[in-house]
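Summary of structural features
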Amino acid sequence: MKPVTTPPKTYRVKSFGCQMNVYDGERMAELLAEKGITEAPEGEDADLVVLNTCHIREKAAEKIYSDIGRLTKGKTQKKAPMIAVAGCVAQAEGEEIMKRAPAVSMVVGPQAYHRLPDMLDRAVEGKRSTDTDMPAIAKFDILPQRKKRFPTAFLTVQEGCDKFCTYCVVPYTRGAEISRPFADLLTEANRLIERGAKEITLLGQNVNAWSGEDLKGHTIGLDGLIRELAKLPEIKRIRYTTSHPNDFTKGLVASHGEVEKLMPYLHLPVQSGSDRVLKAMNRNHTAESYLRVLEDVRKARPDIAFSGDFIVGFPGETEAEFEETLALVDEVRYAQAYSFKYSPRPGTPAATMDDQIPKKVMDERLQRLQERLNRDQHAFNQASVGKTCEVLIERKGKFDGQWLGKSPWLQSVWFEGDADIGDLVTVDLVDGGPNSLRGQMREIATA
(Lines give C-alpha, C1' and ligand atoms only; values in the text may rest on other atoms or scores of the structure.)
Protein backbone atom coordinates (compact mmCIF):
# COMPACT_ATOMS: atom_id res chain seq x y z
CA MET A 1 0.00 0.00 0.00
CA LYS A 2 1.32 3.43 -0.93
CA PRO A 3 1.53 6.09 1.79
CA VAL A 4 -1.42 8.42 2.13
CA THR A 5 -0.52 11.85 0.74
CA THR A 6 -3.72 13.78 1.46
CA PRO A 7 -3.52 15.69 4.77
CA PRO A 8 -5.86 14.02 7.28
CA LYS A 9 -8.92 15.94 8.38
CA THR A 10 -10.03 13.59 11.16
CA TYR A 11 -8.22 11.42 13.73
CA ARG A 12 -8.86 8.72 16.29
CA VAL A 13 -6.51 7.80 19.15
CA LYS A 14 -6.89 4.29 20.57
CA SER A 15 -5.06 3.91 23.88
CA PHE A 16 -4.34 0.60 25.59
CA GLY A 17 -2.98 -0.17 29.05
CA CYS A 18 -2.24 2.06 32.00
CA GLN A 19 -3.49 5.50 33.03
CA MET A 20 -0.22 7.01 31.79
CA ASN A 21 -1.15 5.79 28.32
CA VAL A 22 -4.59 7.35 28.69
CA TYR A 23 -2.90 10.65 29.58
CA ASP A 24 -0.48 10.34 26.66
CA GLY A 25 -3.38 9.59 24.32
CA GLU A 26 -5.17 12.74 25.41
CA ARG A 27 -2.06 14.83 24.83
CA MET A 28 -1.54 13.39 21.34
CA ALA A 29 -5.15 14.22 20.54
CA GLU A 30 -4.49 17.80 21.63
CA LEU A 31 -1.41 17.96 19.40
CA LEU A 32 -3.48 16.85 16.42
CA ALA A 33 -6.23 19.31 17.27
CA GLU A 34 -3.60 22.09 17.25
CA LYS A 35 -2.99 21.21 13.59
CA GLY A 36 -6.68 21.65 12.81
CA ILE A 37 -7.50 17.94 12.70
CA THR A 38 -10.78 17.03 14.38
CA GLU A 39 -11.71 13.86 16.21
CA ALA A 40 -13.71 11.48 14.02
CA PRO A 41 -17.34 11.10 15.13
CA GLU A 42 -18.18 7.83 16.86
CA GLY A 43 -18.86 5.10 14.33
CA GLU A 44 -17.13 6.88 11.45
CA ASP A 45 -13.75 6.05 9.93
CA ALA A 46 -10.87 8.41 10.69
CA ASP A 47 -8.29 9.69 8.21
CA LEU A 48 -5.56 9.15 10.82
CA VAL A 49 -5.51 6.42 13.48
CA VAL A 50 -3.00 6.51 16.34
CA LEU A 51 -2.55 3.14 18.07
CA ASN A 52 -1.17 4.07 21.51
CA THR A 53 0.23 0.74 22.65
CA CYS A 54 1.04 -1.08 25.90
CA HIS A 55 3.90 -3.61 26.12
CA ILE A 56 3.12 -5.15 29.51
CA ARG A 57 1.18 -8.18 28.28
CA GLU A 58 2.36 -11.07 26.13
CA LYS A 59 1.79 -10.85 22.37
CA ALA A 60 1.20 -7.09 22.61
CA ALA A 61 3.10 -6.52 19.38
CA GLU A 62 1.16 -9.20 17.53
CA LYS A 63 -2.08 -7.54 18.59
CA ILE A 64 -0.88 -4.33 16.95
CA TYR A 65 -0.36 -6.10 13.65
CA SER A 66 -3.89 -7.50 13.93
CA ASP A 67 -5.24 -3.98 14.53
CA ILE A 68 -3.30 -2.68 11.54
CA GLY A 69 -4.73 -5.48 9.42
CA ARG A 70 -8.30 -4.64 10.47
CA LEU A 71 -7.77 -0.98 9.61
CA THR A 72 -6.48 -1.72 6.11
CA LYS A 73 -8.20 -4.96 5.09
CA GLY A 74 -10.23 -4.61 1.90
CA LYS A 75 -9.59 -0.86 1.66
CA THR A 76 -8.15 1.04 -1.26
CA GLN A 77 -5.36 3.59 -0.98
CA LYS A 78 -7.89 6.42 -0.81
CA LYS A 79 -10.03 4.80 1.88
CA ALA A 80 -7.31 3.35 4.11
CA PRO A 81 -6.34 5.58 7.05
CA MET A 82 -2.90 6.90 7.78
CA ILE A 83 -1.60 4.87 10.74
CA ALA A 84 0.72 5.91 13.57
CA VAL A 85 1.95 3.47 16.22
CA ALA A 86 2.82 5.09 19.53
CA GLY A 87 3.48 3.98 23.09
CA CYS A 88 5.64 1.27 24.63
CA VAL A 89 5.42 -1.29 21.81
CA ALA A 90 6.55 1.46 19.47
CA GLN A 91 9.51 2.18 21.76
CA ALA A 92 10.53 -1.48 22.04
CA GLU A 93 9.93 -2.65 18.48
CA GLY A 94 9.85 0.46 16.31
CA GLU A 95 12.09 -0.64 13.47
CA GLU A 96 10.49 -4.08 13.32
CA ILE A 97 7.04 -2.50 13.02
CA MET A 98 8.21 -0.37 10.10
CA LYS A 99 9.61 -3.46 8.37
CA ARG A 100 6.59 -5.70 8.93
CA ALA A 101 3.80 -3.15 8.43
CA PRO A 102 4.20 -0.98 5.30
CA ALA A 103 0.81 0.58 6.06
CA VAL A 104 2.31 2.32 9.12
CA SER A 105 3.49 5.85 8.38
CA MET A 106 4.87 6.79 11.79
CA VAL A 107 6.28 5.04 14.86
CA VAL A 108 6.80 7.25 17.91
CA GLY A 109 7.82 6.36 21.46
CA PRO A 110 6.21 7.62 24.68
CA GLN A 111 8.95 10.19 25.31
CA ALA A 112 8.90 11.61 21.78
CA TYR A 113 5.24 12.00 20.86
CA HIS A 114 5.50 15.79 21.11
CA ARG A 115 7.19 15.49 17.70
CA LEU A 116 4.11 13.84 16.19
CA PRO A 117 3.04 16.96 14.21
CA ASP A 118 6.39 17.13 12.38
CA MET A 119 6.25 13.40 11.69
CA LEU A 120 2.75 13.85 10.31
CA ASP A 121 3.96 16.55 7.92
CA ARG A 122 6.62 14.16 6.63
CA ALA A 123 4.05 11.37 6.30
CA VAL A 124 1.83 13.58 4.15
CA GLU A 125 4.84 13.97 1.87
CA GLY A 126 5.10 10.19 1.69
CA LYS A 127 8.07 9.92 4.09
CA ARG A 128 7.76 7.25 6.78
CA SER A 129 9.60 7.95 10.05
CA THR A 130 10.48 6.48 13.43
CA ASP A 131 11.27 8.46 16.59
CA THR A 132 12.06 6.52 19.74
CA ASP A 133 14.37 9.08 21.29
CA MET A 134 14.06 9.50 25.06
CA PRO A 135 14.75 13.17 25.89
CA ALA A 136 14.55 14.22 29.54
CA ILE A 137 10.95 15.43 29.79
CA ALA A 138 11.44 17.85 26.91
CA LYS A 139 8.00 16.99 25.62
CA PHE A 140 6.24 18.80 28.46
CA ASP A 141 7.77 22.10 27.35
CA ILE A 142 6.33 21.64 23.87
CA LEU A 143 2.92 20.08 24.45
CA PRO A 144 -0.03 22.47 23.96
CA GLN A 145 -2.06 23.78 26.86
CA ARG A 146 -4.89 21.54 27.95
CA LYS A 147 -8.22 22.45 26.33
CA LYS A 148 -10.53 19.59 27.23
CA ARG A 149 -13.02 20.52 29.95
CA PHE A 150 -13.58 17.74 32.49
CA PRO A 151 -14.05 17.61 36.27
CA THR A 152 -11.22 15.09 36.70
CA ALA A 153 -7.76 15.37 35.17
CA PHE A 154 -4.45 13.54 35.09
CA LEU A 155 -1.27 15.43 35.90
CA THR A 156 1.96 13.59 35.06
CA VAL A 157 4.52 14.47 37.73
CA GLN A 158 7.11 11.73 37.21
CA GLU A 159 8.13 9.37 34.43
CA GLY A 160 10.33 6.29 34.16
CA CYS A 161 11.41 3.68 36.68
CA ASP A 162 14.73 2.63 38.21
CA LYS A 163 13.46 -0.46 40.02
CA PHE A 164 14.13 -3.02 37.25
CA CYS A 165 11.66 -5.66 38.40
CA THR A 166 12.70 -8.78 36.49
CA TYR A 167 9.33 -9.15 34.72
CA CYS A 168 8.88 -5.53 33.65
CA VAL A 169 9.74 -3.64 30.45
CA VAL A 170 8.96 -0.14 31.79
CA PRO A 171 12.60 0.85 32.55
CA TYR A 172 13.44 -0.01 28.94
CA THR A 173 10.45 1.67 27.28
CA ARG A 174 9.96 4.69 29.58
CA GLY A 175 13.53 5.28 30.72
CA ALA A 176 15.04 6.32 34.05
CA GLU A 177 13.09 8.04 36.81
CA ILE A 178 12.72 11.76 36.19
CA SER A 179 10.66 14.25 38.21
CA ARG A 180 9.02 17.24 36.57
CA PRO A 181 9.85 20.60 38.20
CA PHE A 182 7.49 21.81 40.91
CA ALA A 183 6.85 25.18 39.25
CA ASP A 184 5.81 23.45 36.02
CA LEU A 185 3.39 21.23 37.89
CA LEU A 186 1.86 24.17 39.74
CA THR A 187 1.39 26.01 36.44
CA GLU A 188 -0.24 23.01 34.79
CA ALA A 189 -2.48 22.41 37.80
CA ASN A 190 -3.78 25.98 37.55
CA ARG A 191 -4.42 25.49 33.84
CA LEU A 192 -6.37 22.33 34.60
CA ILE A 193 -8.42 24.31 37.12
CA GLU A 194 -9.20 26.83 34.38
CA ARG A 195 -10.54 23.93 32.32
CA GLY A 196 -12.91 22.87 35.10
CA ALA A 197 -10.86 20.29 36.99
CA LYS A 198 -11.94 19.69 40.58
CA GLU A 199 -10.06 16.42 41.04
CA ILE A 200 -6.45 15.85 40.00
CA THR A 201 -4.74 12.47 39.86
CA LEU A 202 -0.94 12.70 40.03
CA LEU A 203 0.60 10.18 37.64
CA GLY A 204 3.95 8.43 37.45
CA GLN A 205 5.40 5.02 36.74
CA ASN A 206 6.70 5.32 40.30
CA VAL A 207 4.86 8.40 41.44
CA ASN A 208 6.01 8.44 45.06
CA ALA A 209 9.62 8.74 43.87
CA TRP A 210 8.82 12.32 42.81
CA SER A 211 11.01 14.99 44.38
CA GLY A 212 11.75 18.62 43.66
CA GLU A 213 12.17 22.11 45.06
CA ASP A 214 9.19 24.26 45.98
CA LEU A 215 8.98 27.96 45.16
CA LYS A 216 11.07 28.77 48.24
CA GLY A 217 13.86 26.41 47.20
CA HIS A 218 13.03 23.76 49.81
CA THR A 219 13.40 20.12 48.77
CA ILE A 220 10.09 18.29 48.99
CA GLY A 221 8.75 14.85 48.14
CA LEU A 222 5.37 13.74 46.85
CA ASP A 223 3.74 14.55 50.19
CA GLY A 224 5.00 18.12 49.92
CA LEU A 225 3.65 18.42 46.39
CA ILE A 226 0.28 17.12 47.56
CA ARG A 227 0.18 19.63 50.41
CA GLU A 228 0.98 22.51 48.05
CA LEU A 229 -1.65 21.48 45.50
CA ALA A 230 -4.19 21.13 48.31
CA LYS A 231 -3.79 24.87 48.98
CA LEU A 232 -5.46 25.61 45.64
CA PRO A 233 -9.07 26.31 46.66
CA GLU A 234 -10.57 25.12 43.38
CA ILE A 235 -9.07 21.64 43.78
CA LYS A 236 -11.42 19.54 45.89
CA ARG A 237 -9.82 16.12 45.50
CA ILE A 238 -6.31 14.76 45.01
CA ARG A 239 -5.27 11.19 44.14
CA TYR A 240 -2.00 9.60 42.98
CA THR A 241 -0.87 6.42 41.24
CA THR A 242 1.17 4.20 40.90
CA SER A 243 3.38 3.78 43.97
CA HIS A 244 6.19 1.46 45.03
CA PRO A 245 6.30 0.22 48.66
CA ASN A 246 10.00 1.06 48.99
CA ASP A 247 9.44 4.77 48.31
CA PHE A 248 6.64 5.23 50.81
CA THR A 249 7.94 7.89 53.20
CA LYS A 250 6.69 8.80 56.67
CA GLY A 251 5.65 12.18 55.28
CA LEU A 252 3.48 10.52 52.63
CA VAL A 253 1.89 8.30 55.26
CA ALA A 254 1.17 11.33 57.43
CA SER A 255 -0.37 13.25 54.52
CA HIS A 256 -3.15 10.68 54.31
CA GLY A 257 -4.27 11.70 57.77
CA GLU A 258 -3.53 15.41 57.53
CA VAL A 259 -4.56 16.49 54.02
CA GLU A 260 -8.34 16.44 53.82
CA LYS A 261 -8.36 16.74 50.03
CA LEU A 262 -6.23 13.61 49.62
CA MET A 263 -8.81 10.93 48.97
CA PRO A 264 -8.94 7.81 51.20
CA TYR A 265 -7.75 5.46 48.48
CA LEU A 266 -4.31 3.95 47.89
CA HIS A 267 -3.19 1.80 44.98
CA LEU A 268 -0.02 0.02 46.10
CA PRO A 269 1.09 -2.98 44.02
CA VAL A 270 2.54 -6.00 45.83
CA GLN A 271 2.59 -8.63 43.02
CA SER A 272 3.05 -11.64 45.32
CA GLY A 273 2.68 -12.69 48.94
CA SER A 274 5.76 -14.93 48.80
CA ASP A 275 9.08 -13.46 49.90
CA ARG A 276 11.02 -15.86 47.68
CA VAL A 277 8.98 -14.85 44.64
CA LEU A 278 9.31 -11.17 45.53
CA LYS A 279 13.09 -11.58 45.68
CA ALA A 280 13.10 -13.33 42.29
CA MET A 281 11.02 -10.42 40.96
CA ASN A 282 13.63 -7.98 42.33
CA ARG A 283 10.89 -6.13 44.19
CA ASN A 284 13.24 -5.42 47.15
CA HIS A 285 10.46 -5.59 49.72
CA THR A 286 8.88 -8.43 51.67
CA ALA A 287 5.26 -9.28 52.31
CA GLU A 288 5.75 -8.12 55.89
CA SER A 289 7.27 -4.75 54.97
CA TYR A 290 4.45 -4.20 52.47
CA LEU A 291 1.80 -4.98 55.08
CA ARG A 292 3.56 -2.64 57.50
CA VAL A 293 3.13 0.25 55.04
CA LEU A 294 -0.59 -0.53 54.73
CA GLU A 295 -0.89 -0.68 58.53
CA ASP A 296 0.80 2.72 58.91
CA VAL A 297 -1.48 4.31 56.30
CA ARG A 298 -4.57 2.77 57.88
CA LYS A 299 -3.55 4.21 61.26
CA ALA A 300 -3.25 7.64 59.65
CA ARG A 301 -6.53 7.29 57.73
CA PRO A 302 -8.79 4.57 59.21
CA ASP A 303 -11.31 4.69 56.36
CA ILE A 304 -8.66 4.12 53.66
CA ALA A 305 -9.51 1.78 50.78
CA PHE A 306 -6.65 -0.30 49.38
CA SER A 307 -6.01 -1.45 45.83
CA GLY A 308 -3.18 -3.66 44.57
CA ASP A 309 -1.60 -5.46 41.63
CA PHE A 310 -0.89 -9.20 41.49
CA ILE A 311 1.02 -11.49 39.14
CA VAL A 312 0.29 -15.22 39.31
CA GLY A 313 2.49 -17.91 37.80
CA PHE A 314 5.82 -16.10 38.02
CA PRO A 315 8.60 -18.56 37.02
CA GLY A 316 9.17 -21.09 39.79
CA GLU A 317 6.08 -20.12 41.81
CA THR A 318 4.96 -23.16 43.79
CA GLU A 319 1.46 -23.92 44.99
CA ALA A 320 2.55 -23.11 48.55
CA GLU A 321 3.92 -19.75 47.43
CA PHE A 322 0.69 -18.97 45.61
CA GLU A 323 -1.18 -19.81 48.81
CA GLU A 324 0.93 -17.12 50.52
CA THR A 325 -0.50 -14.61 48.04
CA LEU A 326 -4.04 -15.76 48.88
CA ALA A 327 -3.25 -15.39 52.58
CA LEU A 328 -2.06 -11.81 52.01
CA VAL A 329 -5.29 -11.04 50.14
CA ASP A 330 -7.32 -12.45 53.00
CA GLU A 331 -5.44 -10.24 55.45
CA VAL A 332 -5.69 -6.98 53.50
CA ARG A 333 -9.22 -7.31 52.03
CA TYR A 334 -8.71 -5.06 49.01
CA ALA A 335 -11.48 -2.72 47.92
CA GLN A 336 -10.21 -3.09 44.34
CA ALA A 337 -7.33 -4.96 42.72
CA TYR A 338 -5.81 -5.89 39.38
CA SER A 339 -4.52 -9.40 38.74
CA PHE A 340 -2.72 -10.93 35.78
CA LYS A 341 -1.03 -14.09 34.64
CA TYR A 342 2.72 -13.75 34.33
CA SER A 343 3.63 -12.75 30.79
CA PRO A 344 7.25 -13.16 29.62
CA ARG A 345 8.50 -9.99 28.00
CA PRO A 346 11.45 -10.20 25.61
CA GLY A 347 14.60 -8.67 27.06
CA THR A 348 13.58 -9.04 30.70
CA PRO A 349 15.50 -11.40 33.04
CA ALA A 350 12.38 -13.35 34.01
CA ALA A 351 11.74 -14.37 30.40
CA THR A 352 14.79 -16.65 30.49
CA MET A 353 14.28 -18.07 33.97
CA ASP A 354 13.81 -21.78 34.48
CA ASP A 355 10.55 -23.32 35.68
CA GLN A 356 8.13 -21.33 33.53
CA ILE A 357 4.65 -22.15 34.81
CA PRO A 358 2.25 -23.97 32.44
CA LYS A 359 -0.65 -21.87 31.15
CA LYS A 360 -3.22 -24.28 32.62
CA VAL A 361 -1.76 -23.82 36.10
CA MET A 362 -1.68 -20.03 35.71
CA ASP A 363 -5.31 -20.00 34.52
CA GLU A 364 -6.44 -21.98 37.54
CA ARG A 365 -4.50 -19.83 40.00
CA LEU A 366 -5.75 -16.61 38.46
CA GLN A 367 -9.33 -17.81 38.74
CA ARG A 368 -8.88 -18.64 42.43
CA LEU A 369 -7.22 -15.29 43.13
CA GLN A 370 -9.88 -13.31 41.29
CA GLU A 371 -12.65 -15.10 43.15
CA ARG A 372 -11.24 -13.76 46.42
CA LEU A 373 -10.55 -10.30 45.04
CA ASN A 374 -14.09 -10.06 43.64
CA ARG A 375 -15.44 -11.31 46.97
CA ASP A 376 -13.63 -8.53 48.82
CA GLN A 377 -14.60 -5.80 46.34
CA HIS A 378 -18.26 -6.76 46.62
CA ALA A 379 -17.98 -6.90 50.41
CA PHE A 380 -16.38 -3.44 50.50
CA ASN A 381 -19.19 -2.01 48.38
CA GLN A 382 -21.83 -3.63 50.56
CA ALA A 383 -20.11 -2.32 53.70
CA SER A 384 -20.39 1.18 52.22
CA VAL A 385 -24.18 1.00 52.19
CA GLY A 386 -25.53 3.41 54.77
CA LYS A 387 -22.67 5.88 54.39
CA THR A 388 -23.15 9.44 53.22
CA CYS A 389 -20.41 10.89 51.05
CA GLU A 390 -19.67 13.35 48.27
CA VAL A 391 -19.72 12.07 44.70
CA LEU A 392 -18.05 13.99 41.89
CA ILE A 393 -20.24 13.68 38.79
CA GLU A 394 -18.19 12.67 35.73
CA ARG A 395 -20.82 11.83 33.13
CA LYS A 396 -24.46 11.19 32.37
CA GLY A 397 -26.06 7.82 32.92
CA LYS A 398 -28.12 5.83 30.45
CA PHE A 399 -31.40 7.46 31.45
CA ASP A 400 -32.63 11.04 31.75
CA GLY A 401 -31.69 12.56 35.09
CA GLN A 402 -29.23 9.76 35.88
CA TRP A 403 -25.62 10.59 36.77
CA LEU A 404 -22.41 8.64 37.27
CA GLY A 405 -19.47 9.61 39.44
CA LYS A 406 -16.87 8.45 41.94
CA SER A 407 -17.01 8.22 45.71
CA PRO A 408 -13.97 9.26 47.78
CA TRP A 409 -13.00 5.54 47.73
CA LEU A 410 -13.02 5.50 43.89
CA GLN A 411 -16.21 3.46 43.71
CA SER A 412 -18.54 4.03 40.79
CA VAL A 413 -21.82 5.52 42.06
CA TRP A 414 -24.99 6.18 40.09
CA PHE A 415 -28.00 8.17 41.19
CA GLU A 416 -30.77 10.43 39.91
CA GLY A 417 -31.45 14.09 40.55
CA ASP A 418 -31.19 17.66 39.38
CA ALA A 419 -27.44 18.09 38.93
CA ASP A 420 -24.76 18.41 36.25
CA ILE A 421 -21.32 17.14 35.28
CA GLY A 422 -18.68 18.56 37.59
CA ASP A 423 -21.00 18.95 40.58
CA LEU A 424 -19.91 17.57 43.96
CA VAL A 425 -23.08 15.99 45.25
CA THR A 426 -23.89 14.71 48.73
CA VAL A 427 -25.24 11.19 48.30
CA ASP A 428 -26.58 8.47 50.59
CA LEU A 429 -25.23 5.09 49.46
CA VAL A 430 -28.24 2.77 49.51
CA ASP A 431 -27.26 -0.37 47.57
CA GLY A 432 -23.93 -2.02 46.80
CA GLY A 433 -23.28 -4.35 43.88
CA PRO A 434 -20.10 -6.11 42.73
CA ASN A 435 -18.89 -3.18 40.63
CA SER A 436 -20.90 -0.10 41.62
CA LEU A 437 -23.25 1.46 44.16
CA ARG A 438 -26.63 3.10 43.91
CA GLY A 439 -27.08 6.39 45.70
CA GLN A 440 -29.79 8.85 46.63
CA MET A 441 -28.89 12.48 46.14
CA ARG A 442 -29.22 14.90 49.02
CA GLU A 443 -27.72 18.20 47.85
CA ILE A 444 -24.99 19.80 45.75
CA ALA A 445 -21.97 20.73 47.84
CA THR A 446 -21.19 24.45 47.84
CA ALA A 447 -17.75 24.40 49.47
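By the naming in an unreviewed UniProt entry, the chain is tRNA-2-methylthio-N(6)-dimethylallyladenosine synthase, taken from Altererythrobacter lutimaris. UniProt's Subunit (unreviewed entry) comment on the chain is quoted here verbatim: "Monomer." For the record of the chain, the UniProt heading Sequence similarities (unreviewed entry) holds the text "Belongs to the methylthiotransferase family. MiaB subfamily."

1. Let's talk about the sheet that holds strand β15 (residues 305-312)
Spatial strand order, β14-β15-β16: 3 strands in an open sheet with parallel pairing. Of all the strands in the sheet, just β14 (265-267) and β16 (336-341) have a single pairing partner and so form its edges. Neighbouring strand axes in the sheet, compared pairwise and without regard to direction, differ in orientation by 10° on average. Sheet topology note: the β15/β16 ladder contains 6 bridges and is parallel. Bridging across to β16, Asp309 finds its partner in Tyr338.

2. Details of the UniProt feature "binding site: [4Fe-4S] cluster 1" (unreviewed entry) in the chain
The sites that UniProt annotates as "binding site: [4Fe-4S] cluster 1" (unreviewed entry) are Cys18, Cys54 and Cys88. Separation in sequence by 71 residues is not matched in space for these annotated residues, since their most distant C-alpha atoms are only 10.8 Å apart. When you line up the elements, Cys18 lands in the loop between β1 (10-15) and α1 (19-34). Topologically, Cys88 is positioned in helix α3 (residues 88-100). With a relative accessible area of 9%, Cys88 lands in the buried category. With residues up to four places along the chain from it excluded, the contact list for Cys88 reads Thr53, His55, Pro110, Thr173 and Arg174.

3. Some thoughts on the packing of aromatic side chains
Scanning the model with the defined rule gives 4 aromatic pairs in all. Plain terms: the ring middles of Tyr167 and Phe314 are 6.4 Å apart, the flat faces sit at 85° to each other, and that makes the pair edge-to-face. With Tyr167 in the loop between β8 (158-159) and α6 (170-173) and Phe314 in the loop between β15 and α12 (319-332), this pair connects stretches of sequence that are 147 residues apart. Residue classification places Tyr167 among the buried positions, given a relative accessible area of 11%. Note on Phe310 and Tyr334: the rings are 5.4 Å apart at their centroids and 90° apart in plane angle, and the pair reads as edge-to-face. Residue Phe310 is located in strand β15, and its partner Tyr334 is located in the loop between α12 and β16; the two are separated by 24 residues in the primary sequence. For the pair formed by Phe310 and Tyr334, the shared burial category is buried.

4. Description of the packing of helix α7 (residues 182-194) against helix α8 (residues 222-230)
Put simply, α7 and α8 touch, their axes get as near as 11 Å, and they point 35° apart. Judged by the sense of rotation from one axis to the other, the crossing of α7 with α8 is right-handed. From α7, Phe182, Leu185, Leu186 and Ala189 reach across to α8, where they touch Leu225, Glu228 and Leu229. A per-class count over the contact of α7 with α8 returns 6 nonpolar, no polar and 1 charged.

So, how was this worked out
Residues numbered from 1 in each chain as written. Predicted model: local features only at pLDDT ≥ 70, side-chain atom pairs only at ≥ 80, totals over all residues. Heavy atoms only, no water. UniProt positions renumbered as here; feature names shortened; annotations may be inferred. Pairing = 2+ DSSP bridges. Helix = DSSP H or I, 4+ residues; strand = E, 2+ residues; numbered from the N terminus. Axes fitted to C-alpha atoms, helices over the stretch in contact; angles between N-to-C directions. Buried < 20%, exposed > 50% of the residue type's maximum accessible area, 1.4 Å probe, protein only. Contact = heavy atoms within 4.5 Å. Phe/Tyr/Trp six-rings, centres within 6.5 Å; stacked < 30°, edge-to-face > 60°. Left-handed = near helix turned anticlockwise from the far one by under 90°. Nonpolar A, V, L, I, M, F, W, Y, C, P; charged D, E, K, R; others polar.

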